[in-house]
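Coordinate inspection notes
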Amino acid sequence: MTDHTVTMQTAITVQGVRKEFVLRHTRSLKEAVMWILRGRRGDISKKFDALKDVSLHVEEGETVALMGLNGSGKSTLLKLISGVLQPDAGSVRTRGRVAGLIEVGAGFHHDLSGRDNVYLNGAILGMSEQQIDAMFDSIVEFSEIGEFIDTEVKFYSSGMYLRLAFSIAVHTDPEVFLIDEILAVGDEPFQRKCISKIKELAEAGKTLFVVSHDLDLVSTICERGVLLEHGKVIMDGEVHEVVKELRRRSAESAGTEA
Ligand SMILES: Nc1ncnc2c1ncn2[C@@H]1O[C@H](COP(=O)(O)OP(=O)(O)OP(=O)(O)O)[C@@H](O)[C@H]1O
């Protein structure tokens, strides 16, 4: 007998993740000479953890806003979830097709036209040529790129990149949608269009993971908020509560800087 019970599945599992970066800063000549004289002992470049022991579970259909001040590790975590980066410790697992709007146009080939990039990106996101054929007109229509679709994308403005990238991503019908602050480069009418599309995806039960400094916007799109500070999750809960806490912390840090 088939079991028709619908069970909630975990869409994103982040377990004990650590991500280390090399802190690049220019060394003085004296420091470099001393390092050589000491027999090149020790590491001249400093390392730091952009993410420290981060664990997070996102269920299918959840809408999560990842928040935090500049440099708290939001983009790094999103890149780990999308698979662009690998963790130095811990693990990241995702379920279903993941579409990431993380670095706009990152998957684009600059010397190819918009049209060829639609096929290239669609294929990268797991679509067959026939599926892309069937959706091509709709992708171009949503992007409002018009006749520029046959222009090489290196001549596109950042807004045009965003339009095409966003349009391709939503048409691939992902189960998990990762969005990083990219709506910032779109003009207002297109932003509004993207936001209503994102809300549509949320209503259709897709999992959303959004990074944005626009706290009013994330409060309308997401139900859950996760707050990062110096690479650690310091709060995870109802979005309005997390927004309130971030605003309190921002006011506090503005107060100490003044
Ligand atoms: N490729 C990299 N190499 C070295 N350091 C990096 C790299 N990427 C990010 N970092 C550093 O890791 C830390 C976290 O960066 P991240 O971009 O994840 O922060 P964020 O919370 O998204 O910030 P913002 O709100 O400014 O976008 C920062 O100190 C940043 O300088």
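This text gives an overview of the structure that appears in the document. (Residues numbered from 1 in each chain as written. Predicted model: local features only at pLDDT ≥ 70, side-chain atom pairs only at ≥ 80, totals over all residues. Heavy atoms only, no water.)

**A few points about the sheet that holds strand 1 (residues 10-23)**
Sheet strands associate in pairs through backbone hydrogen bonding, adopting either a parallel or an antiparallel arrangement. Taken in spatial order, the three strands make up an open sheet running 2-1-4, and their pairing is antiparallel. Only two strands of the sheet have a single partner each, and these edge strands are strand 2 (46-59) and strand 4 (89-94). Geometrically, the sheet is characterised by an average inter-axis angle of 25° between neighbouring strands, direction not taken into account. Where strand 1 meets strand 2, 10 bridges bridge the pair, whose relative direction is antiparallel. Bridge assignment links I12 to a residue of strand 2, and that residue is V58. (Pairing = 2+ DSSP bridges. Helix = DSSP H or I, 4+ residues; strand = E, 2+ residues; numbered from the N terminus. Axes fitted to C-alpha atoms, helices over the stretch in contact; angles between N-to-C directions.)

**Side note on the packing of aromatic side chains**
As enumerated under the stated definition, the model contains eight aromatic pairs in all. A ring pair is formed by F142 and F166, whose centres lie 5.9 Å apart and whose planes are at 20°; its orientation type is stacked. One end of the pair, F142, is in helix 4 (residues 129-143); the other, F166, is in helix 5 (residues 158-171), and 24 residues separate them in sequence. Residue classification places F166 among the buried residues on the basis of a relative accessible area of 0%. Chaining the aromatic ring pairs together yields one cluster made of F142, F166, F177 and F190. Looking at K193, its charged tip hangs above the ring of F142, at a distance of 4.5 Å from the centre. (Phe/Tyr/Trp six-rings, centres within 6.5 Å; stacked < 30°, edge-to-face > 60°. Buried < 20%, exposed > 50% of the residue type's maximum accessible area, 1.4 Å probe, protein only. Lys NZ or Arg CZ within 6 Å of the ring centre and 35° of its normal.)

**Here we look at the sheet that holds strand 9 (residues 232-238)**
The strand order 5-6-7-3-8-9 describes an open sheet built from six strands, whose pairing is mixed. Every interior strand has two partners, whereas the edge strands, strand 5 (98-101) and strand 9, have only one. Sheet twist, expressed as the mean angle between neighbouring strand axes with direction ignored, is 15°. Examined bridge by bridge, strand 3 (residues 63-67) and strand 7 (residues 207-211) share four bridges and lie parallel to one another. Residue pairing in the sheet places A65 in a bridge with V210 of strand 7. Where helix 5 meets the sheet, it contacts strand 5 and strand 6 (176-180), and its direction lies at approximately 165° from that of strand 5. Strands in contact with helix 6 (residues 188-203) are strand 3, strand 6 and strand 7; relative to strand 7, the strand with the most contacts, it is inclined by about 140°. (Contact = heavy atoms within 4.5 Å.)

**What to know about the site of the ligand**
The environment of the ligand is made up of 13 residues, and the closest members are G71, K74, S75, T76 and H213. The backbone of S72 places a nitrogen or oxygen atom 3.1 Å from an oxygen atom of the ligand. At 2.8 Å from an oxygen atom of the ligand is found a side-chain nitrogen or oxygen belonging to S75. Expressed as a share of its isolated accessible area of 640 Å², the protein-covered part of the ligand is 61%. (Near = heavy atom within 4 Å. Polar contact = N/O pair within 3.5 Å; in protein donor to acceptor, adjacent residues only side chain to side chain. Areas by Shrake-Rupley, 256 points an atom, 1.4 Å probe, with all protein chains shown as cover.)

**A word on the packing of helix 4 against helix 6**
The contact between helix 4 and helix 6 brings their axes to 11 Å, and the two run at 130°. Between helix 4 and helix 6, the angle is such that the two are oblique. Counting all contacts with helix 4, which are made through E141, F142 and S143, the residues of helix 6 involved are F190, K193 and K197. Looking at the contact of helix 4 with helix 6, its residues break down into two nonpolar, one polar and three charged. (Parallel < 35°, antiparallel > 145°, perpendicular 65-115°, else oblique. Nonpolar A, V, L, I, M, F, W, Y, C, P; charged D, E, K, R; others polar.)

Coordinates in, geometry out; function isn't part of it.
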